[in-house]
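# Results of the structural survey
Listed below are the residues making up each chain.
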Amino acid sequence: MSIKLPQKLMLLGSGELGKEFAIAAQRLGNYVIAVDRYANAPAMQVADAYEVISMLSVDDLEAVVTKHQPNVIIPEIEAIRTEKLIEFEQRGITVIPTAAATNYTMNRDRIRELAHQELGIRTAKYGYATTLDELIAVSDEIGFSNVVKPVMSSSGKGQSVVQDKSEVERAWNYAIANSRGDSQKVIVEEFINFEIEITLLTIKQWNAPTIFCSPIGHRQERGDYQESWQPAEISEDKILKAQEIAIKVTDALGGAGIFGVEFFITKDEVIFSELSPRPHDTGMVTLISQNLNEFELHLRAILGLPIPHIEQLGSSASAVILASEKSDSIAFGGVADALSEKEVDIRLFGKPNAHPYRRMGVVFGEGCECSRS
């Protein structure tokens, strides 16, 4: 698939990842429509046009697609009425990576079942619950410690580690409160005692082999990434195993674009964790660590443009800037101090309001010692 430029690209979800993608798209002259559920979302600030809708409304989706007539629809969040994307695809609009793949990956239960049940890939033991009573029963079956997550959420929101039975109700309430869309279902996983957790950015192309970035290590709190570093120091045989699994899953999903494939790396195993069919939070480190960042790679794969070489520029790391309180008046201090440091860069996302732990920016460092254990 080779596409003439410019193209009209519609982002469904317009956060900080969408903003960086929009910038990459516009550098090649494309027209970007940013869509989200709230006004002045980060990608809207740089897009050619924007719309505020409920992406869970088939009528709203129909209205914006009819109005703008995009060539390509690029989902950037989970809370989308994905059956409508299948309809758009049937009309000849390209959906990234495909409408069926987007439908699969919007919910953790579907992608987990694809990996484990259909493809025979090692995952953590897991089960599902749609009520507190079911969660108690499934938690007993999986055992403690375990991890409880909404099946539909973004950036790890709603995830908690449950040490014993007394914490199950709290985990249920937290997961449901942070579930995206209209889902009232949670997944329970065994707790994996891993040495490192990695993201393998996997670039699936229309008419060329699947390629990879160097593995990215990351650390999470509350299910959300706090730091990432590249390259992650893991053995070559484990990198090859992760690549093998990533190809198996992304080939099953099809289409083109970048996939953030997450793994637990233990002393003896490479265990599939999750997959996002889009640029990944932890991959923001590639804005400083690679010759082509994850957003440029996503764009090239979508448009069928060549990716001749991905070069790792050196050890790099990222750390998030989190809000500490709720506020509609956003201000940042210490920016000049941070930028006075050699090899440091910052992205401030321009979100219109803040609440505790909301990601408001990211800081990068080059040439750092980035191994973790």
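Coordinates for the structure precede this section.
Now for a quick tour of the structure. (Residues numbered from 1 in each chain as written. Predicted model: local features only at pLDDT ≥ 70, side-chain atom pairs only at ≥ 80, totals over all residues. Heavy atoms only, no water.)

As summarised here, the arrangement of the 4 strands in space is β6-β9-β7-β8, forming an open sheet in which the pairing is antiparallel. Whereas interior strands pair on both sides, the edge strands pair on one side only; in this sheet they are β6 (126-129) and β8 (160-162). For this sheet, the mean angle separating the axes of adjacent strands, direction not counted, is 30°. With 3 bridges joining them, strand β7 (residues 146-150) and β8 adopt antiparallel strand pairing. Looking at the pairing, Val-148 lines up with Ser-160 of β8. With respect to the sheet, helix α6 (residues 132-142) is in contact with β6, β7 and β9 (186-190), its orientation differing from that of β9 by roughly 15°. (Pairing = 2+ DSSP bridges. Helix = DSSP H or I, 4+ residues; strand = E, 2+ residues; numbered from the N terminus. Axes fitted to C-alpha atoms, helices over the stretch in contact; angles between N-to-C directions. Contact = heavy atoms within 4.5 Å.)

Assignment of secondary structure puts Gly-260 in strand β14 (residues 257-265). You can call Gly-260 buried: its relative accessible area is 0%. Along the primary structure Gly-260 and Glu-274 are separated by 14 residues, whereas in three dimensions their C-alpha atoms are 8.2 Å apart. Discounting residues that sit within four places of it in the chain, Gly-260 has contacts with Thr-199, Leu-200, Leu-201, Glu-274, Leu-275, Ser-276, Arg-278 and His-280. (Buried < 20%, exposed > 50% of the residue type's maximum accessible area, 1.4 Å probe, protein only.)

Since there are 3.6 residues in each turn of an α-helix, residues three or four apart along the chain are aligned in direction. Buried within helix α3 (residues 82-90) are the following residues: Thr-82, Lys-84, Leu-85 and Phe-88. Projected down its long axis, α3 carries its buried residues within an arc of 145°, all on one side. On its buried side, α3 packs onto β1 (8-12), α2 (58-68), β4 (72-75), β5 (94-95) and α4 (99-105). Remark: Gly-92 follows α3 within two positions and exhibits a positive phi of approximately 105°. (Arc of directions from axis to C-beta.)

Within the secondary structure layout, Gln-184 lies in the loop between α7 (168-177) and β9. Take Gln-184: its relative accessible area is 45%, and that puts it in the partly exposed class. In this structure, the C-alpha to C-alpha distance between Gln-184 and Ser-214, residues 30 residues apart in sequence, is 36 Å.

With that settled, the discussion passes to the nonpolar core. Core analysis: the biggest nonpolar cluster contains 30 residues, and Leu-9, Phe-21, Ile-74 and Met-284 have the highest contact counts within it. Elements supplying a minimum of two residues to this core: β1, α1 (16-27), β2 (31-36), β4, α9 (286-289), α10 (294-303) and β18 (359-366). Ranked by residues supplied to this core, first place goes to α1 with 5 residues. The residues touching Ile-74, leaving out its near neighbours within four places in the chain, are Leu-9, Met-10, Leu-11, Leu-12, Phe-21, Ile-96, His-298 and Ile-302. (Core = buried A, V, L, I, M, F, W, Y, C linked by side-chain atoms within 4.5 Å.)

If you walk across this open sheet you meet the 5 strands as β3-β2-β1-β4-β5, and the pairing is parallel. Single-partner strands in this sheet number two, and they are β3 (49-52) and β5. Note that β2 and β3 share 4 bridges and pair parallel. Among the inter-strand pairings, Val-35 is bridged to a residue of β3, identified as Glu-51. The strands touched by α3 are β1, β4 and β5; relative to β4, the strand with the most contacts, the crossing angle is about 160°.

With respect to the secondary-structure elements, Glu-190 resides in strand β9. What makes Glu-190 buried here is its relative accessible area of 18%. Here Glu-190 is in contact with Arg-122, Thr-123, Ala-124, Lys-125, Ile-142, Ser-145 and Asn-146, once residues within four sequence places are set aside.

In this chain, Leu-5 is followed by Pro-6 through a cis amide linkage whose omega measures 0°. Mapping Pro-6 onto the fold places it in the segment before β1. Going from Gln-230 to Pro-231, the amide bond is cis rather than trans, its omega being 0°. As for its placement among the helices and strands, Pro-231 is situated in the loop between β13 (224-230) and α8 (236-253).

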